[in-house]
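Chain by chain, the residues:
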Amino acid sequence: GILELYCNGRKGNERNRNGVKENESHFNSTPKLRLDQTTLWDYWVGPCVRNLRLYRIIGCLRDLIPCQYSLQSIMGASDFSSLALLLVCSLWFFSDVVAEKHASITRHYKFEIKLQNVTRLCRTKTVITVNGKFPGPHIIAREGDRVLVNVVNHVANNISIHWHGIRQLRSGWADGPAYITQCPIQTGQSYVYNFTIIGQRGTLLWHAHISWLRATVYGPIIILPKHDTSYPFPKPHKEVPIIFGREWWNADTEAVISQALQTGAGPMFPMLTPLMGFPAHYTIVLLMTFKPKVKPGKTYMLRLINAALNDDLFFSIANHSLTIVEADGVYVKPFNANIILITPGQTSNVLLKTMPTAPNSSFLMLARPYFTGQGTIDNSTVAGVLEYEQPSKSNKTLPMIKPALPQINDTSYAANFSRRFRSLANAQFPANVPQTVQKRFFFTVGLGPAHKNQTCQGPNGTKFAASVNNISWALPTKALLQAHFFGQSNGVNTNDFQALL
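Computed from a predicted structure; not experimentally measured.

S.K.: Teacher, can you tell me more about the overall build of the protein here?
M.R.: Looking only at helices and strands, one finds nine helices and 23 strands in the protein. Out of the 501 residues in the protein, the part that is buried amounts to 42%. Within the protein, residue pairs in contact and separated by at least 24 positions form 72% of the contacts whose partners lie at least 6 positions apart. Per element, the accessible surface of the protein, about 28400 Å² overall, is 53% carbon and sulfur.

Written out as structure tokens, the structure reads:
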């Protein structure tokens, strides 16, 4: 095949590389090439392997073999066997290089934690960011890759970064929760997160994991399949990350959560929920928001990320159906839905098939909260606009079609949607789960009022508290990591701490 690539089209009476005409008499006068083991290595395989340049193999063959004649007519049987050996060695070398090209690699990132002025709703606010970006930079890797992220803290707040959904197999110290798996990164200090992505592909999320700094410190993790491994669905025309951002307050988010903890009430209303970092309230959607453009007759993969602090979100695109193919880094059996539910920290890849021809309208992408708990919540609607590329340029304003979303407390729709998730469970991506259950656990997780013998600003003078099985977590005076490191575990858990086993 290599010889054919070079020889294709070369005939007698044509010019060679140096512009000299070649004819049959020139080829007839070419002496036969003798190949022994020394010649084979010194002149053929050796230079090519030692220089690690594939084109040297082509160059060696090009210069040593006249292309006009078959190898059998130029060499004897023994010489031809030697050349066959060379080609086998070359194929081995090629395969080794290809395997090296497709092997897992180490990907390096640097996160500079710094202050940045950000303007939203005609007001400029100083927020904590990564590399001055809001939302933060993409982490892009393939399944099997090792990821190193050097985080340098330039702000007054302590910081840590959590890689939400990454299976930290034998790398728990890289998980990121402050005071649990690591001490937070102090001002002027740095920390290198080191983990390998194993058995996951799809979309995940990274964010700060101390207090409410994750309100502005977050970004996507995009995990591509291994080389030579395709998606278990048709390859999309384009992939588009869509991030439902943390709720946006004009006030300092650290002051917001501090006030909520002191008063016992829920946090004050945010001004809006950003979409891709843009203000995305339905009433200002025409002024500034996320407006992806699509081509008709194409399939797009939307990488959906709910980076909100508190809000479960219903999401829909007017007059378009979505096919869910992945959730939280795991492929699922594809299913269609006009409206999806995505909760804080959850991610999902969905396929959007556009209309065959460009319509004379744009389509609103809307999201608003799903909430059934006590207390008050901001029920505003997040908005973006899906626009089709038109065959001819026009300044004409197209009408926008609005989708219908469920009511804020539509538990029936939420439960029915969640029940549809199933593992892909095929030969390539099996669902290896235990078939025998020895013990069952039942957990209820909720947010409700807690009585503390004091008057608070929660419902009916109570204090809001999260609970598991109606038991709230009381922050210890010693951090878990500190207690373990210094051998001070005795007394960290009180006598009424419930055992699970």
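S.K.: Hey, could you run me through the pairing of strand β5 (residues 139–142) in this one?
M.R.: Each regular strand displays side chains that alternate between the two surfaces of the sheet. Here β5 shows one buried face, formed by Ile139 and Ala141, and one open face, formed by Ile140 and Arg142. The pairing of β5 with strand β10 (residues 218–224) spans four bridges and is classified as parallel. Along β10, the bridge assignment pairs Ile139 with Ile221.

S.K.: Can you help me understand the sheet that holds strand β8 (residues 190–196) in this one?
M.R.: Strand order in the open sheet formed by four strands is β4-β3-β6-β8, with mixed pairing between adjacent strands. A single partner strand is all that each edge strand has here, and the edge strands are β4 (123–130) and β8. The average angle at which neighbouring strand axes cross in this sheet is 25°, direction not considered. Relative to β8, strand β6 (residues 146–153) is paired through seven bridges, and the arrangement is antiparallel. Counted as the bridge partner of Arg146 is Thr196 from β8.

S.K.: Is there a simple way to explain the pattern of salt bridges in this structure?
M.R.: All told, the structure shown has five salt bridges when counted by the stated rule. Between Arg107 and Asp145 there is a salt bridge; the shortest N-O distance is 2.5 Å. Of this pair, Arg107 sits in strand β3 (residues 106–120) while Asp145 is found in the loop between β5 and β6, placing the two residues 38 residues apart along the sequence. Relative accessible area serves as the criterion here: at 22%, Arg107 is assigned to the partly exposed category. Between Lys293 and Glu387 there is a salt bridge, and its shortest N-O distance comes to 3.2 Å.

S.K.: Explain the packing of aromatic side chains to me, please; I cannot follow it from the model alone.
M.R.: The geometry of an aromatic ring pair is captured by the separation of the ring centres together with the interplanar angle, meaning the angle of the planes. Under the definition given, this model contains 17 aromatic pairs. Seen from their ring centres, Tyr231 and Phe233 are 4.9 Å apart, and the 10° between their planes marks the pair as stacked. Note on Tyr231: relative accessible area 15%, which makes it buried. A relative accessible area of 10% places Phe233 in the buried class. Aromatic side chains Phe335 and Phe421 sit 5.2 Å apart centroid to centroid with 85° between the ring planes, which places their arrangement in the edge-to-face category.

S.K.: Help me out: how do you make sense of the side chain of Thr203 in this one?
M.R.: Its place among the elements puts Thr203 in strand β9 (residues 202–208). Filtering out sequence-adjacent residues up to four positions away, Thr203 remains in contact with Ile221, Arg303, Ile305, Glu326, Asp328, Gly329, Thr347 and Asn349.

S.K.: Explain helix α7 (residues 253–263) here, please?
M.R.: Side chains of residues three or four places apart in an α-helix project in the same direction, reflecting 3.6 residues per turn. Listing the buried residues of α7 in full gives Thr253, Val256, Ile257, Ala260 and Thr263. For α7, the arc enclosing every buried residue in end-on projection is 140°, short of the 170-degree limit, so these residues lie on one face. Summarising the geometry of α7, the exposed residues directed more than 90 degrees from the buried face are Leu261 and Gln262. In this structure, the buried side of α7 is in contact with β4. Its side-chain oxygen at 3.2 Å from the backbone nitrogen of Glu254, Asp252 defines the N-terminal cap of α7. Backbone geometry just downstream of α7 places Gly264 in the positive-phi region, at approximately 85°.

S.K.: Whenever I open this one, the sheet that holds strand β13 (residues 299–306) confuses me. Can you help?
M.R.: Two orientations exist for strands paired in a sheet by backbone hydrogen bonds: parallel and antiparallel. One open sheet accounts for five strands, arranged β11-β13-β18-β15-β16; its pairing is mixed. Each end of this open sheet is capped by a strand with a single partner; those strands are β11 (238–244) and β16 (330–337). In this sheet, neighbouring strand axes are inclined to one another by 25° on average, regardless of whether the strands run parallel or antiparallel. Judged from the seven bridges that link them, β13 and strand β18 (residues 347–353) form a sheet pairing that is antiparallel.

S.K.: Which parts of the structure should I look at to understand the environment of Gln390?
M.R.: With respect to the secondary-structure elements, Gln390 resides in the loop between β20 (382–388) and β21 (400–401). On the accessibility criterion, Gln390 (30% relative accessible area) is partly exposed. Remark: the alpha-carbon pair of Gln390 and Val294, spanning 96 residues in sequence, is separated by 9.5 Å. Within the structure, the side chain of Gln390 is placed 3.2 Å from the backbone oxygen of Pro359, a separation counted as a polar contact.

S.K.: What's the story with the nonpolar core in this structure? I'm lost.
M.R.: Nonpolar side chains in soluble globular proteins tend to be buried together. Leu302, Leu304, Phe315 and Ile317 are the most contacted members of the largest nonpolar core, which has 39 residues in total. Apart from residues no more than four positions distant in its own chain, Phe315 is found in contact with Phe244, Leu304, Leu322, Asn338, Ile339, Ile340, Met365, Leu366, Ala367 and Leu405. In terms of nonpolar packing, the next biggest core, distinct from the first, is built from 28 residues, Ile139, Ile161, Ile197 and Val217 among them.

S.K.: Mind showing me how you'd approach the environment of Thr187 here?
M.R.: One can find Thr187 in the loop between β7 (161–164) and β8. Looking at Thr187, the relative accessible area reads 43%, which means it is partly exposed. Along the sequence, Thr187 and Asn157 sit 30 residues apart, while their C-alpha atoms lie 6.7 Å from each other. Among all residues touching Thr187, those that are not within four sequence positions of it are Asn153, Val155, Ala156, Asn157 and Asn158. A polar contact of 2.8 Å, which involves the side chain of Thr187, links it to the backbone oxygen of Val155.

The rules behind the values
Residues numbered from 1 in each chain as written. Predicted model: local features only at pLDDT ≥ 70, side-chain atom pairs only at ≥ 80, totals over all residues. Heavy atoms only, no water. Helix = DSSP H or I, 4+ residues; strand = E, 2+ residues; numbered from the N terminus. Buried < 20%, exposed > 50% of the residue type's maximum accessible area, 1.4 Å probe, protein only. Contact = heavy atoms within 4.5 Å. Areas by Shrake-Rupley, 256 points an atom, 1.4 Å probe, with all protein chains shown as cover. Pairing = 2+ DSSP bridges. Axes fitted to C-alpha atoms, helices over the stretch in contact; angles between N-to-C directions. Salt bridge = Lys/Arg side-chain N within 4 Å of Asp/Glu carboxyl O. Phe/Tyr/Trp six-rings, centres within 6.5 Å; stacked < 30°, edge-to-face > 60°. Arc of directions from axis to C-beta. Polar contact = N/O pair within 3.5 Å; in protein donor to acceptor, adjacent residues only side chain to side chain. Core = buried A, V, L, I, M, F, W, Y, C linked by side-chain atoms within 4.5 Å.

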